[in-house]
Amino acid sequence: HPDAVGASQDSAPALDTHATAQPKSRTSKHRAREEREPRDQQQPSKAAWRSLSQSGDYDGAYRLLQHSTVEDDSGALLDAADAARLSGHPQAAVMYLRKVLDQHRQTPVAPLAAFTLGRVLLERLGQPSEAADAFATARKLAPSGSLAQDALAREVEASSKTGYPDQAYKRARE
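**Quick word on the overall build of the protein chain**
Each helix and strand in the protein chain was counted, giving 10 helices and zero strands. For the protein chain, the N- to C-terminal ordering of α and β elements is α-α-α-α-α-α-α-α-α-α. When burial is assessed residue by residue, the protein chain has 36% of its 174 residues classed as buried. In the protein chain, once contacts between residues fewer than 6 apart in sequence are set aside, the share between residues at least 24 apart is 46%. Summed over all atoms, the accessible surface of the protein chain reaches about 10,400 Å², with 48% contributed by carbon and sulfur.

**Things to note about helix 6 (residues 90-103)**
Along its 14 residues, helix 6 runs 20 Å from first to last C-alpha, staying within 8% of the 20 Å computed at 1.5 Å per residue. For helix 6, the full list of buried residues reads Pro90, Ala92, Ala93, Val94, Tyr96, Leu97, Val100 and Leu101. Contacts from the buried residues of helix 6 go to helix 4 (58-65), helix 5 (74-86), helix 7 (110-124) and helix 8 (128-141).

**Here we look at the nonpolar core**
Leu65, Val70, Tyr96, Leu97 and Leu117 are the most contacted members of the largest nonpolar core, which totals 35 residues. Looking at this core, the elements that each hand over two or more residues are helix 4, helix 5, helix 6, helix 7, helix 8 and helix 9 (148-160). A per-element tally of this core places helix 7 first, with eight residues. Filtering out sequence-adjacent residues up to four positions away, leucine 65 remains in contact with Trp49, Val70, Ala80, Ala83 and Tyr96.

**Things to note about the side chain of serine 68**
Here serine 68 shows up in the loop between helix 4 and helix 5. In this structure serine 68 comes out as buried when scored by relative accessible area, which is 17%. At a separation of 2.9 Å, a polar atom in the side chain of serine 68 contacts the main-chain carbonyl oxygen of leucine 64.

**Concerning the packing of helix 7 against helix 8**
Put simply, helix 7 and helix 8 touch, their axes get as near as 8 Å, and they point 165° apart. Considering their axes alone, helix 7 and helix 8 lie roughly antiparallel with respect to each other. Helix 7 and helix 8 meet at a crossing whose hand is left-handed. The segment helix 7 lies against helix 8, with Ala110, Pro111, Ala114, Phe115, Leu117, Gly118, Arg119, Leu121 and Leu122 engaging Pro128, Glu130, Ala131, Ala134, Phe135, Thr137, Ala138 and Leu141.

**Observations concerning the side chain of arginine 154**
Within the secondary structure, arginine 154 sits in helix 9. Contacts of arginine 154, omitting those with residues within four sequence positions, involve Phe115, Arg119, Leu122, Glu123 and Phe135.

What counts and how
Each chain has its residues counted from 1, following the order in which its sequence is written. Given that the model is predicted, a residue must reach a pLDDT of at least 70 before its local features are reported, and side-chain atom pairs must reach 80 or more before they are shown or counted; all residues, however, enter totals for whole chains, interfaces and linings. The side-chain quantities take in all heavy atoms of the structure and omit both hydrogens and water. Helix and strand definitions here come from DSSP, where helices need a minimum of 4 consecutive H or I residues and strands a minimum of 2 consecutive E residues; each element is numbered from the N-terminal end. Only protein chains enter the calculation, and the probe is 1.4 Å; a residue is then buried if its accessible area is under 20% of its type maximum, exposed if over 50%, and partly exposed in between. Throughout, a residue-residue contact means that at least one pair of heavy atoms, one from each residue, lies within 4.5 Å. Per-residue and other accessible areas were derived by the Shrake-Rupley procedure at a 1.4 Å probe size, with only the shown protein chains allowed to occlude residues. The span expected for a helix works out to 1.5 Å for each residue beyond the first. For our purposes a nonpolar core is just a set of buried Ala, Val, Leu, Ile, Met, Phe, Trp, Tyr and Cys residues, chained together by side-chain atoms within 4.5 Å. The term polar contact refers here to a pair of N or O atoms within 3.5 Å; inside protein, the definition further demands a hydrogen-donor-capable atom paired with an acceptor-capable atom, and it admits residues adjacent in sequence only when both atoms are side-chain atoms. Each axis is a line fitted through C-alpha atoms, and for a helix only the stretch in contact is used; angles between axes span 0 to 180 degrees, taken between their N-to-C directions. Each angle gets one of four labels, with under 35 degrees taken as roughly parallel, over 145 as roughly antiparallel, 65 to 115 as roughly perpendicular, and the rest as oblique. By convention the crossing between two helices is left-handed if the near helix lies anticlockwise of the far one by an angle smaller than a right angle, and right-handed if it lies clockwise.

Here you go:
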């Protein structure tokens, strides 16, 4: 739907109009909606962008995401970063990835967030020094983790692009 963002706002008038045609079934649904509304009023937007992101429609997810509030949850933040990153919005991805590292550093996904941050900074934004720091963070967060060796290799690569070959050489010897 081209105007998916406005869909949740447009649904109330549609229900009211339709309610006069079928008062019994729509009235009970309307009542159920009113009971839920204070608790999860924004939930359709949240669920919609995450669903699109998880299904691979990153462009659609990012469009909805721009008008949604992302939960302060490491999984939601990573999904938001993926939607932004994979739809061509690397700066927005950086924001979500840094939020994971700042507020959810102790979670199991933090090393992945740091590694992904390094990739975005190096490959998409051309910031090798910051990328090297992000890869180093990924290694520090999980020194024996599955990304540790790849993070070291990428840290060496990023360091070599900063113009400081000694730092790259030092990392390569590790």
